[in-house]
Amino acid sequence: PTGTVLSGATCWLARHDPLSIDLRERLAAPSAEHWLGTDIQGLDIWARLVYGPRISLAVGLLSQSIALLIGVTLGLLAGYYGRWVDEIVMRLADVTLAFPTLLLLIAMVAAPEPSLTVVFITVGGVGWAGTGTGGGPADFPAVTPAGSWGGAGRTAPSRPPRRPRRCWRGHD
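Residues numbered from 1 in each chain as written. Predicted model: local features only at pLDDT ≥ 70, side-chain atom pairs only at ≥ 80, totals over all residues. Heavy atoms only, no water.

Enquirer: Help me understand helix α7 (residues 116–127), please; the structure alone is not making it clear to me.
Expert: Side chains three or four residues apart in an α-helix point the same way, a direct result of the helix having 3.6 residues per turn. The end-to-end C-alpha separation of α7 is 16 Å, in line with the 16 Å expected for 12 residues at 1.5 Å each. Listed in full, the buried residues belonging to α7 are V118, F120, T122, G124 and V126. (Helix = DSSP H or I, 4+ residues; strand = E, 2+ residues; numbered from the N terminus. Expected span 1.5 Å × (residues − 1). Buried < 20%, exposed > 50% of the residue type's maximum accessible area, 1.4 Å probe, protein only.)

Printed below as a string of structure tokens:
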């Protein structure tokens, strides 16, 4: 959250250009002019800290928006049409998840001419089938296998079933 606020207010917070080299001011100590001092090339460290997160935040937000758009669209299509459309979407998700993500990202970014747009689309295209943290049936004990598969005349219990009690005596 702090990085988001800082990167959104770069014009007001950074008093220096993060890319302007000033060799006369190299390795300067923190002062009123350079709040965190300068590095070996005379670059203002505070300006670089404030301007740095902008690209990372843009890549994160835009690529996850693309992944969300792809995932929700394919999920809605699979849920609405079911059967063979669902199978195709699931096999596509399986293929996407089968590849090592980092290797796939490197290959896709290296193939066309590198740009931020390619990075956005690549990360979003790989991330749509992500393993979300929504949980499974164990997180929702009221859903039973019979109920989830449409068991005839069965309803989900109002509370989770009790587990058998075991006495702990240091061994099984």
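Picking up where we left off.
Enquirer: Mind showing me how you'd approach unusual backbone geometry here?
Expert: It is generally the case that most residues other than glycine have a negative phi and that most peptide bonds are trans. The phi torsion at L27 lies on the positive side, around 55 degrees, for a residue other than glycine. Residue classification places L27 among the exposed residues on the basis of a relative accessible area of 55%.

Enquirer: Explanation requested: the packing of helix α6 (residues 101–110) against α7 in the structure shown.
Expert: When two helices pack together, their arrangement is given by the angle between their axes and by how far apart the axes lie. For the pair α6 and α7, interaxial distance at closest approach is 10 Å and the crossing angle is 145 degrees. Once α6 is placed against α7, the crossing between them reads as right-handed. Residues T101, L104, L105, M108 and V109 of α6 pack against V118, V119, T122, V123 and V126 of α7. Class assignment for the residues of the contact of α6 with α7 results in eight nonpolar, two polar and no charged. (Axes fitted to C-alpha atoms, helices over the stretch in contact; angles between N-to-C directions. Left-handed = near helix turned anticlockwise from the far one by under 90°. Contact = heavy atoms within 4.5 Å. Nonpolar A, V, L, I, M, F, W, Y, C, P; charged D, E, K, R; others polar.)

Enquirer: So what exactly am I meant to see when it comes to the pattern of salt bridges here?
Expert: Two side chains that carry opposite charge are able to pair once their charged atoms sit near each other. Throughout the structure, instances matching the rule amount to three salt bridges. The salt bridge partner of R24 is D22, with a shortest N-O separation of 3.4 Å. We note a salt bridge from E87 to R91, for which the minimum N-O separation is 2.6 Å. Of this pair, E87 and R91 both sit in helix α5 (residues 83–98), four residues apart, roughly one helical turn. Salt bridges here are not isolated pairs; linked through shared partners, they connect E87, R91 and D94. (Salt bridge = Lys/Arg side-chain N within 4 Å of Asp/Glu carboxyl O.)

Enquirer: Please clarify how the packing of aromatic side chains should be interpreted in this entry.
Expert: One pair of aromatic rings is described through two measures. These are the centre distance and the angle between the planes. Applying the stated criterion across every chain, the model contains two aromatic pairs. With a centroid separation of 5.6 Å and an interplanar angle of 45 degrees, the aromatic rings of W35 and W46 are classed as tilted. Taken together, the positions of W35 in the loop between α2 (10–13) and α3 (45–51) and W46 in helix α3 put the pair 11 residues apart, joining distant regions of the chain. The exposure class assigned to W35 is partly exposed, which follows from its relative accessible area of 39%. Assessed through its relative accessible area of 19%, W46 is described here as buried. (Phe/Tyr/Trp six-rings, centres within 6.5 Å; stacked < 30°, edge-to-face > 60°.)

Enquirer: Can you walk me through the packing of helix α4 (residues 53–81) against α5 in this structure?
Expert: At a minimum axis distance of 6 Å, the contact between α4 and α5 shows a crossing angle of 150 degrees. Relative to α5, the element α4 lies roughly antiparallel. α4 and α5 meet at a crossing whose hand is left-handed. Between α4 and α5, the residues in contact are L74, L77, A78 and Y81 and R83, V85, D86, V89 and L92, respectively. (Parallel < 35°, antiparallel > 145°, perpendicular 65-115°, else oblique.)

Enquirer: Where do I start with the nonpolar core in this structure?
Expert: A general trend in soluble globular proteins is that nonpolar side chains are found buried together. Counting residues in hydrophobic clusters, the biggest one holds eight residues: A67, L74, A78, V85, V89, A93, W128 and A129. With residues up to four places along the chain from it excluded, the contact list for A78 reads V85, D86 and V89. (Core = buried A, V, L, I, M, F, W, Y, C linked by side-chain atoms within 4.5 Å.)

Enquirer: How should I be thinking about the side chain of T122 in this particular structure?
Expert: Note that T122 resides in helix α7. T122 gets classed as buried once you look at its relative accessible area, which sits at 4%. One polar contact links the side chain of T122 to the main-chain carbonyl oxygen of V118, over a distance of 2.6 Å. If we skip the residues at most four places from it in the chain, T122 touches L105, M108 and V109. (Polar contact = N/O pair within 3.5 Å; in protein donor to acceptor, adjacent residues only side chain to side chain.)

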